[in-house]
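Residues per chain are reported as follows:
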Amino acid sequence: MSKVVGINNPLIDPTPPEVHLTNAPLVCVLGQVRFPQILAVEDRKFVTPFQEAIRTKYPKLRQERTYQLTFDNQEKDAVRSQAEVIWQFTDANNHWRVSLASNFVTLDTSKYVSRQDFLERMREVLTAVNEHIQPNLVERIGIRYVDRIEGIDVENISNLVRSELINITASTFQEHILQSYNESLFQLPNTQGTLVARWGLIPGNATFDPNVFEPIDQPSWFLDLDMSISENQEFDVEKILEDAKRFSERIYTFFRWSVTEEFLRRFGGEQ
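Computed from a prediction, not measured in an experiment: that's the story for all the values here. (Residues numbered from 1 in each chain as written. Predicted model: local features only at pLDDT ≥ 70, side-chain atom pairs only at ≥ 80, totals over all residues. Heavy atoms only, no water.)

A.B. asks: Explanation requested: the overall build of the protein chain in the structure shown.
C.D. replies: A count of helices and strands for the protein chain gives 6 helices and 9 strands. For the protein chain, the residues scored as buried account for 46% of the 271 residues in total. Sequence-distant contacts, at least 24 apart, represent 69% of the contacts inside the protein chain between residues at least 6 apart. For the protein chain, the computed accessible surface area is about 14,500 Å², with 46% contributed by carbon and sulfur atoms. (Helix = DSSP H or I, 4+ residues; strand = E, 2+ residues; numbered from the N terminus. Buried < 20%, exposed > 50% of the residue type's maximum accessible area, 1.4 Å probe, protein only. Contact = heavy atoms within 4.5 Å. Areas by Shrake-Rupley, 256 points an atom, 1.4 Å probe, with all protein chains shown as cover.)

Next up, the structure:
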């Protein structure tokens, strides 16, 4: 197995080489680009050329509608429901999904292979967005990785991750803890973006974010790393991918700082 790299400060230290985990506890990897609202995206005919551009890899289509409650300033106490159309394109096995709405596009997967593979798929999706949806600006770029540890590994969590991420869940009364959440927000140097790190213990049949993973019938421990930048910039596919790559590398650096050598062995680190 690759030697564990010493990382003192995961926010600025160089990114270590990737260690492929054959049994990685990743449950979701997500990349999202937000842009100013384009109402035409809700029109089926407008979206058709975009679907044709990605249909080979994402042949299944589902239309969803979400509803948001808004307050009408003109009428006191008036609440209106506003619908939003989201087009979801998935692969044949439902492992990869592209979600297109009037103000964002998201690529997410439950079968992550590698950073290079994810970024190449993201390039294909963004190229199709650029050609067929044609947003002029980007408002936010975000990358998110979520790991979940289950079963007996939860009981062994103090040997799998750093003590800074364990706190009360490693106590002698661990068995009595139903849930314990932690969240830290980091500003990276030179305005390179922000990193949100969430971790903790959740009980069975519960989830901290239903959009990321479904509840399971036993307690689990999660590590959720989300890096983003919010600023107006030109919708340039290569520039977006540069940021996405940088975010993925920084998230991986934080992940490697967070886990132990035993973690890498336990989840199939390459020999």
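A.B. asks: What is the right way to read the packing of aromatic side chains from this model?
C.D. replies: How two aromatic rings sit relative to each other is given by the distance of their centres and the angle of their planes. Across all of its chains, the model carries 10 aromatic pairs by this definition. Measuring from centroid to centroid gives 5.7 Å for Phe186 and Phe254, while their planes differ by 50 degrees, and the two rings are tilted. On the criterion of sequence distance, the pair formed by Phe186 in strand β7 (residues 180-187) and Phe254 in helix α5 (residues 237-258) is long-range, its members being 68 residues apart. Look at Phe186 and you get partly exposed, because its relative accessible area is 22%. Residue classification places Phe254 among the buried positions, given a relative accessible area of 4%. An aromatic cluster is defined as three or more aromatic residues linked by ring pairs; in this entry it consists of Trp96, Tyr112, Phe118 and Tyr145. Above the face of the Trp96 ring, Arg121 is positioned so that its terminal group lies 4.0 Å from the ring centre. When the ring centre of Phe267 is taken as origin, the NZ or CZ atom of Arg266, which lies over that ring, is 4.9 Å away. (Phe/Tyr/Trp six-rings, centres within 6.5 Å; stacked < 30°, edge-to-face > 60°. Lys NZ or Arg CZ within 6 Å of the ring centre and 35° of its normal.)

A.B. asks: Just to check I follow, could you spell out α5 for this structure?
C.D. replies: In an α-helix, one full turn covers 3.6 residues, which means residues spaced three or four apart are oriented alike. If you check α5, its first and last C-alpha atoms are 31 Å apart, about what 22 residues at 1.5 Å a residue would give, namely 32 Å. Taken across its 22 residues, α5 has 16 buried, putting it largely inside the fold. Here α5 starts with a cap whose side-chain oxygen sits 3.0 Å from the backbone nitrogen of Glu238, and that cap is Asp236. (Expected span 1.5 Å × (residues − 1). Polar contact = N/O pair within 3.5 Å; in protein donor to acceptor, adjacent residues only side chain to side chain.)

A.B. asks: Help me out: how do you make sense of unusual backbone geometry in this one?
C.D. replies: Note on backbone geometry: most residues besides glycine have negative phi, and most peptide bonds are trans. The phi angle at Gln134 is positive, at roughly 55 degrees, despite the residue not being glycine. On the secondary structure map, Gln134 appears in the loop between α2 (115-132) and β6 (137-150). Unusually for a residue other than glycine, Asn205 sits at a positive phi of about 60 degrees. You can see Asn205 is positioned in the loop between β8 (194-202) and β9 (220-234). Asn205 sits in the exposed class, given a relative accessible area of 61%.

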